[in-house]
Amino acid sequence: MSIPAVAGLVREGRLRALAVSGARRLAGFPEVPTVAEQGFPGFALTEWQGLFVPAGTPAPIIARIAGAAHAGLRDPPVRERLQSLGLEVVGEGPAALAAFLAEQRRRLAALVAAEGIRLD
């Protein structure tokens with residue numbers, strides 16, 4: 001389950017978090033170990049969100065959207081609310097998102113190939 005979907009239940013004690021799937025513990029749930037810490041070294045798979053625009057969107061428009069998004073993510077009440085949901089706020093910009101996506105494609109393509117995963 002995603003952290004925002006279960007954060008309230010975990011905090012209320014109605015659900016017990018066994019592990020988080022990212023490479024490191026979450027600031028909002030420092031007591032919850034990672035899957036790697038639970039005996040699966042190298043396991044790291046995270047949920048993430050990003051802003052996307054149609055291909056060919058002019059660079060000044062992309063910069064304006066990215067600037068507005070960064071401003072929103074730097075706003076203390078917004079940041080606190082997202083963190084209260086267990087989210088880690090990154091907001092590094094279009095180039096960082098592109099690099100992250102390239103790395104994810106590389107990692108997951110290797111996993112699919114190694115495990116022989118295919119769509120039927």
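See the structure printed just above.
Residues numbered from 1 in each chain as written. Predicted model: local features only at pLDDT ≥ 70, side-chain atom pairs only at ≥ 80, totals over all residues. Heavy atoms only, no water.

**Considerations on the overall build of the protein chain**
Threshold: Numbering goes from the N terminus for both helices and strands, where a helix is a DSSP run of H or I of at least four residues and a strand is a run of E of at least two. Our radius of gyration is a C-alpha quantity, and the globule rule it is checked against amounts to 2.2 Å times the number of residues to the power 0.38.
A count of helical and extended segments in the protein chain gives 4 helices and 0 strands. Helices and strands appear in the protein chain in the N-to-C order α-α-α-α. The C-alpha atoms of the protein chain give 17 Å as radius of gyration, which overshoots the globular expectation for 120 residues (14 Å, by more than 25%). Across its three principal axes, the protein chain shows a C-alpha extent of roughly 45 × 45 × 25 Å.

**Examining the nonpolar core**
Selection rule: Buried residues of nine kinds, namely Ala, Val, Leu, Ile, Met, Phe, Trp, Tyr and Cys, make up a nonpolar core once their side-chain atoms join them within 4.5 Å. Buried residues are those whose accessible area, probed at 1.4 Å on protein chains only, stays under 20% of the maximum for their type, while exposed residues exceed 50% and partly exposed ones sit between those limits. Any two residues whose heavy atoms approach within 4.5 Å at even a single point are treated as in contact.
Val6, Ala7, Val10, Val20, Leu26, Phe29 and Val32 together form the largest nonpolar core, which totals 7 residues. Sequence-distant contacts of valine 6, that is, excluding residues within four places in its chain, are made with Met1 and Leu15.

**Describing the side chain of threonine 57**
In plain terms, the rule: Each polar contact in these results corresponds to two N or O atoms within 3.5 Å; when the atoms are within protein, one needs to be able to donate a hydrogen and the other to accept it, and residues that are neighboring in sequence are counted only if both atoms are side-chain atoms.
Checked against the element boundaries, threonine 57 lands in the loop between helix H1 (3-11) and helix H2 (59-74). Among the polar contacts made by the side chain of threonine 57, one reaches the main-chain carbonyl oxygen of proline 54 at a distance of 2.6 Å.

Function cannot be read off these values alone, since they describe shape.
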